[in-house]
Amino acid sequence: MSQSKPTIKHDTLFDKPFTTPLDKASRFSFDEQVVACFPDMIRRSVPGYGQVLAMLPIFARRHCKYRQQSESGQRVSRIYDLGCSLGGATMALAGEFEAQDLQIKAIDISPAMTTEATTLLSDNYPEHDIEVITADIRDVELEPCDMVILNLTLQFLPAADRVAVLEKIYAALSEGGILVLTEKTHAFDEQYDAWLVERYYDFKRANGYTEMEISGKRNALENVLITDTLDEHHARLRDVGFARHLTWFQFLNFVSIVAFK
């Protein structure tokens, strides 16, 4: 089966100078413009993202033990992809599992994202039990599941709402299930953090971003993407009930944590 791919536009969202106060005050949002260039944006601005996706089916094979049941009565592993964007994590899993093995629920608040994700997933994995849902993950009731993926999503929620989301995930996970949490972070030590940030900008420069684009993206994400320290992530996971959690991946100021129920 030939797989359809999104039409990837080059990320040029911030390649022009701000011209009005309104432009300067604009904030980043996951609209149609972002959707069109999202694969290019992720590839060039999120270090290690491909490696994180590649490990998801490996984790799933270890921890998804068919503890749930589909509507037809089939034993399956239910997985949530929260903040799914274009469904990259869902596709990484579906590509490595038989259709009858998984039930995946991919949720995103952006209609532009879920519209494109629905097309991509239905074109590439029509036999798989995948439901794409347009909703705020803070409002969705989670069914019992074996695995939850929270990739670069928690950082866009108000800090006050993050504990409640993690509590909901913990409650939904079956014993033996896992949460994979991937986030951009900052370091508590200012000098250490400054070094990481500058090397991250070097990473973006090496991937073709200009100084104007780097500055524009930084301004657009101010007060939209709010990072935590790695210690804050682990403390929050412990507080909601996860007794075991470890940082399995770090690339500059991006980390991925696995937490075990």
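Preceding this paragraph is the structure being described.
Note that the structure is a prediction, hence the values are computed from the model and not measured. (Residues numbered from 1 in each chain as written. Predicted model: local features only at pLDDT ≥ 70, side-chain atom pairs only at ≥ 80, totals over all residues. Heavy atoms only, no water.)

Draft legend 1. Structural detail: the overall build of the protein. Summing up its helical and strand segments, the protein has nine helices and eight strands in all. With 261 residues in all, the protein has 50% of them scored as buried. By sequence separation, contacts in the protein at least 24 residues apart represent 77% of the contacts at least 6 residues apart. Here the protein has roughly 12800 Å² of accessible surface; of this, 53% comes from carbon and sulfur atoms. (Helix = DSSP H or I, 4+ residues; strand = E, 2+ residues; numbered from the N terminus. Buried < 20%, exposed > 50% of the residue type's maximum accessible area, 1.4 Å probe, protein only. Contact = heavy atoms within 4.5 Å. Areas by Shrake-Rupley, 256 points an atom, 1.4 Å probe, with all protein chains shown as cover.)

Draft legend 2. Inspection of helix α6 (residues 159–172) at higher detail. Along α6, the positions that sit buried rather than exposed are R162, V165, L166, K168, I169 and A172. An end-on view of α6 places all buried positions within 155 degrees of arc, on one side of the element. Exposed residues lying more than 90 degrees from the buried face of α6 are A160 and A171. (Arc of directions from axis to C-beta.)

Draft legend 3. Main features of the packing of aromatic side chains. Across all of its chains, the model carries seven aromatic pairs by this definition. Plain terms: the ring middles of Y170 and F242 are 4.9 Å apart, the flat faces sit at 85 degrees to each other, and that makes the pair edge-to-face. A residue pair is termed long-range when its members are at least 10 positions apart, and Y170 in helix α6 and F242 in the loop between α9 (230–240) and β7 (244–251) qualify at 72 residues. Y170 sits in the partly exposed class, given a relative accessible area of 23%. When the centroid spacing of 6.0 Å and the interplanar angle of 35 degrees are considered together, the rings of Y200 and Y201 count as tilted. Y200 sits in the buried class, given a relative accessible area of 6%. Over the ring of Y209 we find R44, and its NZ or CZ is 4.0 Å from the ring centre. In this structure, R61 is placed above the aromatic ring of F97, and the distance from its NZ or CZ to the ring centre is 4.3 Å. (Phe/Tyr/Trp six-rings, centres within 6.5 Å; stacked < 30°, edge-to-face > 60°. Lys NZ or Arg CZ within 6 Å of the ring centre and 35° of its normal.)

Draft legend 4. The arrangement of the pairing of strand β2 (residues 75–82) in detail. Of all eight residues making up β2, seven are buried, and the element is well covered by its neighbours. Judged from the two bridges that link them, strand β1 (residues 68–69) and β2 form a sheet pairing that is antiparallel. Within β2, the residue paired with Q69 across the bridge is R75. Taking the residues between adjacent antiparallel strands as the criterion, β1 and β2 are bridged by five residues, where G73 takes a positive phi near 95 degrees. Judged from the three bridges that link them, β2 and strand β5 (residues 145–151) form a sheet pairing that is parallel. The residue bridging D81 from the neighbouring strand is I149, located in β5. (Pairing = 2+ DSSP bridges.)

Draft legend 5. The packing of helix α7 (residues 190–206) against helix α8 (residues 211–221), seen in detail. Where α7 meets α8, the closest approach of the two axes is 10 Å, and the angle between their N-to-C directions is 130 degrees. As summarised for this structure, α7 and α8 are arranged oblique, according to the angle between their axes. In terms of crossing hand, the pair formed by α7 and α8 is right-handed. Contacts between α7 and α8 involve Y201, K204 and R205 from the former and E211, I214, K217 and R218 from the latter. (Axes fitted to C-alpha atoms, helices over the stretch in contact; angles between N-to-C directions. Parallel < 35°, antiparallel > 145°, perpendicular 65-115°, else oblique. Left-handed = near helix turned anticlockwise from the far one by under 90°.)

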